[in-house]
Amino acid sequence: MLQYFGSHTRRAILYASPAHHETDRQLWQRILAKHGYTVTVLENRGLVEELRHEGPYHSGMNPWDLFICLPSRKNGGTGCFQTEDLQNLKLFQKVNLLPEIQHFLCRKEGLCQIAKAFSDLQLPLVTPDCSGQPGLSRASTARNASQGSAITEQARASHLQPWWKQSMSTKLNQVSTSDHKDVLKAQDFSVIIKAYVLVTSLTPLRAFIHSTTTVWHPPKKKHFTIKLQRFFEIFFRNSSPQQAFNNMKGAINKLLLITEVFSKSSASGPNSFNQCSQCFQMLTFDIGFSMTIHPVVLKVHENFDFQVENESTTQDQISKELLFEDTFKFLLSNESSTSSFIEALRKIYESSVSKDGTYNREDEQCFSLEEINSMTTFIKELKSLGQFELLFPSSAPEIQMLLRDLYRMVDPMRRLSSVLTVHWLLSSVLQQFQFMNKEAHTNLSEWQLSQEEMSPKQNVPSVFRKNHEALHYSSKTGERQCSYDKDTLSHIRQIFTSPQLDLNPQFNPKIREYYAEVPFDMVTVKIGAEPSNCRCRVHLDNKKGPSIANYPLGLGLNKVIILLTDDSQPSPEIVSSYRITIYREDRPSLPLFDDYMMCGFVQDCGSKIRPEESCGLQPLSHEYLSTISQTVFKTCEAGDTKGQWIVPCLSCSDNRTCDWRAITWQPQGCRHSVLAKPELQRCVEGRRILFIGDSTNRGMMYYLIERVNKTLQEWQKTHDVKCYHNINEGKTFISYSYYPQFWMNANQRPTFEKALEQLLQRSRPLENTDQTVLIVGGVQWLNSNHLQIIQKVLNRENLSNILVIVKSIGMGFHLPVDGIHSLSQAEVQNLWNENLIILDTAKNLGYEVVDTFVITMGRYKEFLQGKCGCHFHEVVKSNPSEERPHITMTLSGHYTLGKYFSSQSKPSQLQDYATNSQSPYHVRGPINQVYSEILLSRLCASKREFVST
């Protein structure tokens, strides 16, 4: 081996069948020649067969270092080498083939095997139609079926299923059996990208991703090449670019790990590890994104693929050449890894020795040649990353957990423990290398784009170019810049935001208060900061908060607190704080002119809940306007009457021309009665009204209190049981119980049944008539099972005749915000059907309903403060001089605003409470006002004699 190791002329064999384009062969020859290779081109398969049978080193040809087999353009074409042929390769010989990856990820037959073996796991890819599986023999089908059954049972035993299902987008259910070309034609994805992945070892897995991607929008064939950083920052500018990027890396890692595990579990024996230590595979993952940050892998190519639907451009050839150059600069690096390996090994050994001096490694203390080769090669790769970023080994906890659980599933007897040992060694090497170099190369922001790379020659669509100015990350390197000067102890070095905020005043470490204004359409912002002092850390919102986070921006004022802690102390102390106040503007609104039209909408085009129905503003017909402007209008008989929002605009095709101050909710064919204060007071006199639910239910309760009392004397974010005896001059009793208590551990959290029983006990005495009212509801926790529990408890407590009003679910949790569970677009769409089930179940049980989902879904961007993005009310200190005047103007023509929804037909009665100088607090929020008034109308529907006509 030493005779040839690094001492002879570098030789490469390039096999390209005659069908290959001459341009591709010339490209490979040119790149290999740059790296000092003498290239022998083979077009005759007979010579390749000779290599295979005689051994790829001991043939009659000159010894070689590198064998490149250009992939066949024909699907299912025979490869240059089989798996067994690679066993005879020398330690320094490289071949661009990993047959297991080609079989399991790039062929229908292999994908079907994986899909069957891991049938309980919702994989992040579009699998082909596996019915029949023509590429499998009966024997192999039976073998894989039995193996899949064993894996499935083991998966159930290790409780993996919930973790997998939670991490995958529901989009997969819709396209899991579709051919990926049909998916493109169906336009299920907003954008599709090609991720270029280099796998330098399958067992143990080592994989890297290139900083370049090819992007196209189906079904258009036009595509362009762009840096991954730029793509994610622009395409996910209003959500979470880093999380979307991490999700994509996680999906790729997941499929590669499954391929490793599955190939090892079906190998001939436990010692078949690493048959080709220098083999590598260039892969292209076609990845689709819809309206969420969750990716779907559509196809895996066994090479670096730049073509979109068989169309190749000059730019594709240029990009391909640059990518190949980066790849072989990486693969053929002359970086020395010996000293780094020895240092990493020393630190690994020190960390593995326990206090009593014993070595903690479970198996033999000596490293095998394969283990040493894996570690030294990995260190060389880490030192030569260039335009590549490490995919695996990964320090992400969920990926590490996946690795262990997968091997536990397929290898309960631990026959493959040697593979896990090498995984552990590589992870340890990575940890020590990062520590020694203080540069992890794991964040999206670390791929730097030079002016040359961002040349305007790039064919980037205008929608991407115009948003480039909005992108901003202050961190220019992976290294942390800090000082040990005591004067900097209480200072932060910089604040960075995405999209970029125009801070007022400009940032200065000595200034602690900042203000920024953002437009209505900006609903999230990512904020982070870096400390000036090396001893300090930055935390957002609380002492243990993250240093960077994605924030929702409610209408009006939003506050972000940046805390600086001194971590050199045994117990870190807060040394200073900074505050950023962000004001998000209301919808752009024009005052009404004589020439206007009425427009209606149910859902916003930015988040289509019902894709089969129209979205956005639609012009209303004269017949419809004539109907809703009738003087005599019947009263709505239910709180879920179908309706829409209507607003006057100059044009229904441009929502910037509307007077959004004059928007109103219009039920179809009826109106909800609105009671004046004396009528409402008589309606609730002598009644005991019980609320149970989350903060959205609490907002309706405070609205009711303020309407009845004409004042709101006290307010708090109650998260327990609270009773109010001072309502309606003491003639009305109101109680409230917060549910669910999400901050508690699941095993300690009170059940809904227990919470309801406690509320009833605290609210007694209760009559078994409609003088007792139970109002239940929240954002999205409510389901039909809760309604069955209500019926069971009320029957048991002899309260079956009380009035129950169910507030349905509402919009929220639709934004990717750090610290809370957010819903994908598909999951938000599923809420429509869940809401219908709740409404139908409630009405079948004889309960009244208030449908808040249909009211909030079209105005989902108009949420107020709160991480959930679900609050459409806020309680503020009352200041009558700042209240906006109520719209009472008469429009041109014979239509008058206020006739459409009766809450505006009596503005003096409905708005007088808001200007009460005696009230210290006020419930604000027009959307909350609409469904709260519907609640009051249903509350008083049985006492219609009190309602004036």
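None of these values were measured; they are calculated from a predicted model. Per chain, residues are indexed from 1 in the order of the written sequence. Local features are withheld for residues below a pLDDT of 70 in this predicted model, meaning they are given only at 70 or higher, and side-chain atom pairs are given and counted only at 80 or more; totals for whole chains, interfaces and linings count all residues. Only hydrogens and water are removed before side-chain values are computed, so all heavy atoms of the structure are retained for them.

Peer 1: What is the right way to read the overall build of the protein chain from this model?
Peer 2: Scanning the protein chain from N- to C-terminus turns up 25 helices and 29 strands. For the protein chain, the exposed area adds up to about 42400 Å²; of that, 48% sits on carbon and sulfur atoms. Numbering goes from the N terminus for both helices and strands, where a helix is a DSSP run of H or I of at least four residues and a strand is a run of E of at least two. Note on areas: Shrake-Rupley with a 1.4 Å probe; residue coverage comes only from the protein chains shown.

Peer 1: Where do I start with the pairing of strand S8 (residues 281-289) in this structure?
Peer 2: In summary, the side chains of a regular strand alternate between the two faces of the sheet. Note on classification: 1.4 Å probe, protein chains only; a residue is buried when its accessible area is under 20% of the maximum for its type, exposed when over 50%, partly exposed between these limits. The buried count for S8 comes to 9 of 9 residues, which makes it a mostly enclosed element. In S8, alternate side chains face the same way, and those of Gln-281, Leu-283, Phe-285, Ile-287 and Phe-289 on one face and Met-282, Thr-284, Asp-286 and Gly-288 on the other are all buried. Should DSSP find at least two bridges between two strands, the strands are taken to pair. Note: strand S5 (residues 191-201) against S8, 9 bridges, orientation antiparallel. Note on S8: the bridge partner recorded for Ile-192 is Gly-288.

Peer 1: I keep staring at the sheet that holds strand S2 (residues 38-42) and nothing clicks. Help me out?
Peer 2: Strand pairing in a sheet relies on backbone hydrogen bonds. The paired strands run either parallel or antiparallel. Read from one edge of the open sheet, 4 strands run S2-S1-S3-S4, paired in parallel fashion. Only two strands of the sheet have a single neighbouring strand rather than two, namely S2 and strand S4 (94-95). Bridging between strand S3 (residues 66-69) and S4 involves 2 bridges; their strand directions are parallel. Looking across to S4, one finds that Phe-67 is bridged to Val-95.

Peer 1: What should I look at first to understand the packing of aromatic side chains in this one?
Peer 2: The relative placement of two aromatic rings is captured by the distance of their centres and the angle of their planes. Note on aromatic contacts: the rings of Phe and Tyr and the six-membered ring of Trp form a pair at centre separations within 6.5 Å, being stacked when their planes are under 30 degrees apart, edge-to-face when over 60 apart, and tilted otherwise. Counted according to the given criterion, the structure contains 25 aromatic pairs. Between the aromatic rings of Phe-232 and Phe-236, the centroid separation amounts to 5.7 Å while the plane-to-plane angle is 15 degrees, which identifies the pairing as stacked. When sorted by exposure, Phe-232 lands in the same class as Phe-236, which is buried. Taking 6.0 Å as the distance between ring centres and 25 degrees as the angle between the ring planes, the aromatic pair formed by Phe-304 and Phe-324 counts as stacked.

Peer 1: So what exactly am I meant to see when it comes to unusual backbone geometry here?
Peer 2: Note: most residues except glycine have negative phi, and most peptide bonds are trans. Along the chain, Asn-504 connects to Pro-505 via a cis peptide bond; the corresponding omega equals 0 degrees. By the secondary structure assignment, Pro-505 is in the loop between strand S11 (492-498) and strand S12 (513-518). Cis peptide bonds are those with omega within 30 degrees of zero, and the linkage from Arg-764 to Pro-765 qualifies with 10 degrees. Its location among the elements puts Pro-765 in the loop between helix H20 (752-763) and strand S25 (772-777). The residue Lys-710 is not glycine, and still its phi comes out positive at about 65 degrees. For Lys-710, the position within the fold is in the loop between helix H19 (695-709) and strand S23 (721-727). A positive phi angle is found at Asn-798, which is not glycine, with a value near 60 degrees. Checked against the element boundaries, Asn-798 lands in the loop between helix H21 (784-796) and strand S26 (803-807).

Peer 1: Got a minute to help me understand the pairing of strand S6 (residues 206-216) in this structure?
Peer 2: With 11 of 11 residues buried, S6 is to be regarded as a mostly interior element. As judged from the 8 bridges shared by S5 and S6, these two strands associate in the antiparallel manner. If you follow Ile-193 over to S6, its bridge partner there is Val-215. The hairpin turn running from S5 into S6, its antiparallel successor, is 4 residues long. Across 4 bridges, the pairing between S6 and strand S10 (residues 388-392) is antiparallel. Bridge pairing in S10 links Phe-208 to Leu-390. When S6 meets strand S7 (residues 223-227), the two strands line up antiparallel, connected through 5 bridges. Paired with Val-215 across the bridge in S7 is Phe-224.

Peer 1: Looking at this structure, how should I read the sheet that holds strand S17 (residues 573-584)?
Peer 2: The 4 strands are arranged S12-S17-S16-S14 in an open sheet whose pairing can be described as mixed. With one partner strand each, in any of the chains shown, S12 and strand S14 (536-540) form the two edges of the open sheet. Strand-to-strand twist across the sheet, computed as the mean angle between neighbouring axes with direction ignored, equals 25 degrees. Pairing of strand S16 (residues 556-566) with S17 involves 11 bridges; the strand directions are antiparallel. For Leu-563, the partnering residue across the bridge sits in S17 and is Ser-577. What counts as an axis is a line fitted to C-alpha atoms, over the stretch in contact for a helix, and the angles between N-to-C directions run from 0 to 180 degrees.

Peer 1: How should the packing of helix H18 (residues 677-684) against H19 be read in this particular structure?
Peer 2: A pair of packed helices is captured by two measures, namely the crossing angle of their axes and the spacing between those axes. At a closest axis distance of 8 Å, the pairing of H18 and H19 adopts a crossing angle of 115 degrees. Classified by the angle their axes make, H18 and H19 are roughly perpendicular. Touching Lys-677, Leu-680, Gln-681 and Val-684 of H18 are Arg-707, Val-708 and Asn-709, all from H19. Within the contact of H18 with H19, the residues separate by chemical class into 3 nonpolar, 2 polar and 2 charged. An angle below 35 degrees is treated as roughly parallel, one above 145 as roughly antiparallel, one from 65 to 115 as roughly perpendicular, and anything else as oblique. Every residue pair with non-hydrogen atoms within 4.5 Å of one another is taken to be in contact. Residues are grouped as follows: Ala, Val, Leu, Ile, Met, Phe, Trp, Tyr, Cys and Pro are nonpolar; Asp, Glu, Lys and Arg are charged; every other residue, Gly included, is polar.

Peer 1: Would you mind going over the side chain of Arg-687 with me for this structure?
Peer 2: Looking at the secondary structure, you find Arg-687 in the loop between H18 and strand S22 (688-693). In this charge count, Lys and Arg are treated as positive and Asp and Glu as negative; neither His nor the chain ends contribute. Here a salt bridge means any side-chain nitrogen of Lys or Arg lying within 4 Å of a carboxyl oxygen belonging to Asp or Glu. Buried Arg-687, no salt bridge; nearest opposite-charge side chain is Asp-770, N-O distance 4.6 Å. Within the local environment of Arg-687, its side chain forms a polar contact with the backbone oxygen of Leu-939, the two atoms lying 3.1 Å apart. As used in this structure description, the phrase polar contact means that two N or O atoms lie within 3.5 Å; if the pair is within protein, one of them must be able to donate a hydrogen and the other to accept it, and residues adjacent in sequence are counted only when both atoms belong to side chains.

Peer 1: Teacher, can you tell me more about the side chain of Lys-227 here?
Peer 2: Its location among the elements puts Lys-227 in strand S7. Within the local environment of Lys-227, its side chain forms a polar contact with the side chain of Ser-211, the two groups lying 3.2 Å apart.

Peer 1: Would you mind going over the environment of Glu-371 with me for this structure?
Peer 2: Here Glu-371 is to be found in helix H13 (residues 369-382). Residues Glu-371 and His-423 lie 52 residues apart in sequence; the distance between their C-alpha atoms is 9.6 Å.

Peer 1: How do you make sense of helix H9 (residues 228-235) when you look at a structure like this?
Peer 2: With respect to burial, H9 is a largely interior element, 7 of its 8 residues being buried. For H9, every residue scored as buried is listed here: Leu-228, Gln-229, Arg-230, Phe-231, Phe-232, Glu-233 and Ile-234.

Peer 1: Would you explain the environment of His-622 in this entry?
Peer 2: With respect to the helices and strands, His-622 occurs in helix H17 (residues 622-628). In the structure, His-622 is positioned 24 residues away from Met-598 in sequence and 9.4 Å away in space, judged by C-alpha atoms.

Peer 1: What's the story with the state of the cysteines in this structure? I'm lost.
Peer 2: What we call a disulfide is simply a covalent bond connecting the sulfur atoms of a pair of cysteines. The disulfide definition used here is simple: a pair of cysteine sulfur atoms within 2.5 Å. On inspection of all chains with the given rule, the structure shows 7 disulfides. The partner cysteine of Cys-649 in its disulfide is Cys-658, sulfur to sulfur 1.9 Å. Because the torsion about its S-S bond is 95 degrees, the bridge between Cys-649 and Cys-658 counts as right-handed. On the accessibility criterion, Cys-649 (1% relative accessible area) is buried. The disulfide partner of Cys-868 is Cys-870, and the S-S distance across this bridge is 2.1 Å. Between Cys-868 and Cys-870 the sulfur-sulfur dihedral comes to about -70 degrees; the bridge is accordingly left-handed. With respect to burial, Cys-868 and Cys-870 carry one shared label: buried.

Peer 1: When you look at the pattern of salt bridges in this model, what are you seeing that I'm missing?
Peer 2: Where charged atoms of side chains with opposite charge meet at close range, the side chains can pair. In the structure shown here, the tally under the stated rule is 28 salt bridges. Across the pair Glu-381 and Arg-206 runs a salt bridge whose closest N-O atoms are separated by 2.9 Å. Residue Glu-381 is found in helix H13, and its partner Arg-206 is found in strand S6; the two are separated by 175 residues along the sequence. Residue Glu-381 is classed as buried on the basis of its relative accessible area, which comes to 6%. Via salt bridges that share partners, Arg-587, Asp-604, Arg-859 and Glu-862 belong to a single interconnected network.

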